[in-house]
Amino acid sequence: MSHIEQIPPELTWRIRRQVLYPDQDFSKAILEDDDEGMHLGLFDKDQLISVVSLFIREGCMQFRKFATIRDFQNMGYGSQLLHYLIRIAEEQNCRMIWCNARKNALGFYTKFGFSETDKTYHKDGNDFVIMEKILK
Ligand SMILES: CC(C)(COP(=O)(O)OP(=O)(O)OC[C@H]1O[C@@H](n2cnc3c(N)ncnc32)[C@H](O)[C@@H]1OP(=O)(O)O)[C@@H](O)C(=O)NCCC(=O)NCCS
């Protein structure tokens with residue numbers, strides 16, 4: 001049985017590092033403003049499997065550092081977390097959700113109603129597109 005709960009930022013760092021920055025220094029996994037975010041963890045049988053961090057500013061939610069442990073990807077865990085964060089954004093009356101999406105994750109976010117903007121960039125060897133979902 002899986003469940004989602006709010007976790008302290010420190011608990012996200014190991015999975016962020018393993019999944020998003022495997023070849024880089026551990027410090028890459030830590031955000032300067034981690035203390036301002038809400039961090040969600042999806043657990044299955046008490047194992048932390050997927051994490052995401054939410055930052056709500058001026059009525060918009062940004063989610064960052066979304067990562068599922070490699071062995072558990074493509075099993076629906078990320079979708080559960082994405083559904084959950086969309087519900088939080090709605091409850092918090094956010095007018096928009098956005099993220100800096102890695103190109104490999106575009107199709108995934110599109111399924112949840114996110115659209116590509118024309119803002120793109122390249123960082124640390126990855127191509128990114130800003131994607132957004134308008135809520136109202
Ligand atoms: C992107 C990421 C967070 C998604 O998490 P996830 O747990 O793999 O998400 P899901 O399993 O719910 O969905 C991923 C894909 O599996 C598919 N899927 C979902 N449930 C499935 C199931 N039961 N069986 C097979 N496939 C399934 C989804 O449709 C989705 O396919 P798509 O990529 O074609 O849209 C994860 O793959 C990841 O950590 N990737 C590497 C890091 C990364 O790119 N992070 C995003 C930065 S923007």
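Just above sits the structure.
About the cut-offs
- Residues numbered from 1 in each chain as written.
- Predicted model: local features only at pLDDT ≥ 70, side-chain atom pairs only at ≥ 80, totals over all residues.
- Heavy atoms only, no water.
- Phe/Tyr/Trp six-rings, centres within 6.5 Å; stacked < 30°, edge-to-face > 60°.
- Buried < 20%, exposed > 50% of the residue type's maximum accessible area, 1.4 Å probe, protein only.
- Lys NZ or Arg CZ within 6 Å of the ring centre and 35° of its normal.
- Salt bridge = Lys/Arg side-chain N within 4 Å of Asp/Glu carboxyl O.
- Helix = DSSP H or I, 4+ residues; strand = E, 2+ residues; numbered from the N terminus.
- Contact = heavy atoms within 4.5 Å.
- Polar contact = N/O pair within 3.5 Å; in protein donor to acceptor, adjacent residues only side chain to side chain.
- Near = heavy atom within 4 Å.
- Areas by Shrake-Rupley, 256 points an atom, 1.4 Å probe, with all protein chains shown as cover.
- 1 Å grid on protein atoms, 1.4 Å probe; cavity = no way out; pocket = protein on both sides within 12 Å on 5 of 7 lines; lining within 4 Å.
- Sits in = over half its atoms within 2 Å of the grid points.
- Nonpolar A, V, L, I, M, F, W, Y, C, P; charged D, E, K, R; others polar.
- Points joined across faces, edges and corners; volume = space filled by probe spheres on them.

Draft legend 1. Highlighting the packing of aromatic side chains. One pass over the structure, following the stated rule, counts ten aromatic pairs. Between Phe 63 and Phe 66 the ring centres are 6.0 Å apart and the planes differ by 90°, which places this aromatic pair in the edge-to-face class. Judged by its relative accessible area of 3%, Phe 63 is buried. Above the face of the Phe 55 ring, Arg 64 is positioned so that its terminal group lies 6.0 Å from the ring centre.

Draft legend 2. Structural detail: the pattern of salt bridges. This structure, assessed with the given rule, holds five salt bridges. For the salt bridge of Asp 33 with Arg 57, the shortest nitrogen-to-oxygen distance reads 3.0 Å. Here the residue Asp 33 occupies a position in the loop between helix H1 (10–20) and strand E2 (38–44), and Arg 57 occupies one in strand E3 (residues 47–57), the gap between them amounting to 24 residues. The partner of Arg 57 in a salt bridge is Glu 36, and the shortest N-O contact between them spans 3.0 Å. With a gap of 21 residues between them, Arg 57 in strand E3 and Glu 36 in the loop between H1 and E2 connect regions that are remote in the sequence. On the accessibility criterion, Arg 57 (37% relative accessible area) is partly exposed. One salt-bridge network, held together by shared partners, links Asp 33, Glu 36, Arg 57 and Arg 64.

Draft legend 3. Looking closely at the environment of Glu 36. Residue classification places Glu 36 among the exposed positions, given a relative accessible area of 57%. Expressed as a C-alpha distance, the spacing of Glu 36 and Phe 72, which sit 36 residues apart in the sequence, is 28 Å. Non-local contacts of Glu 36, meaning those with residues more than four positions away in its chain, are made with Phe 55 and Arg 57. For Glu 36, the side chain forms a polar contact with the side chain of Arg 57, separated by 3.0 Å.

Draft legend 4. Quick peek at the site of the ligand. Among the 20 residues in the neighbourhood of the ligand, the closest are listed as Thr 68, Gly 76, Gly 78, Ser 79 and Lys 111. For the ligand, an oxygen atom lies 3.4 Å from a polar atom in the side chain of Gln 73. A distance of 3.0 Å separates an oxygen atom of the ligand from a polar atom in the backbone of Met 75. Relative to its unbound accessible area of 920 Å², the ligand is 70% covered by the protein chains. With respect to the pocket detection grid, the ligand is positioned in the largest pocket. Broken down by secondary-structure element, the contributors of at least two residues to the shell around the ligand are H1, strand E4 (60–68), helix H2 (77–91), strand E5 (96–102) and helix H3 (106–111). Examining the composition of the shell around the ligand, we find that four residues originate from one element, H3, more than from any other. Of the residues contributing to the shell around the ligand, the split by class is nine nonpolar, nine polar and two charged.

Draft legend 5. Looking closely at the layout of surface pockets. As a volume, the largest pocket reaches approximately 940 Å³. Considering each element in turn, the lining of the largest pocket owes the most residues, seven residues, to E4. Here the residues of the lining of the largest pocket are counted per class, giving 17 nonpolar, ten polar and seven charged.

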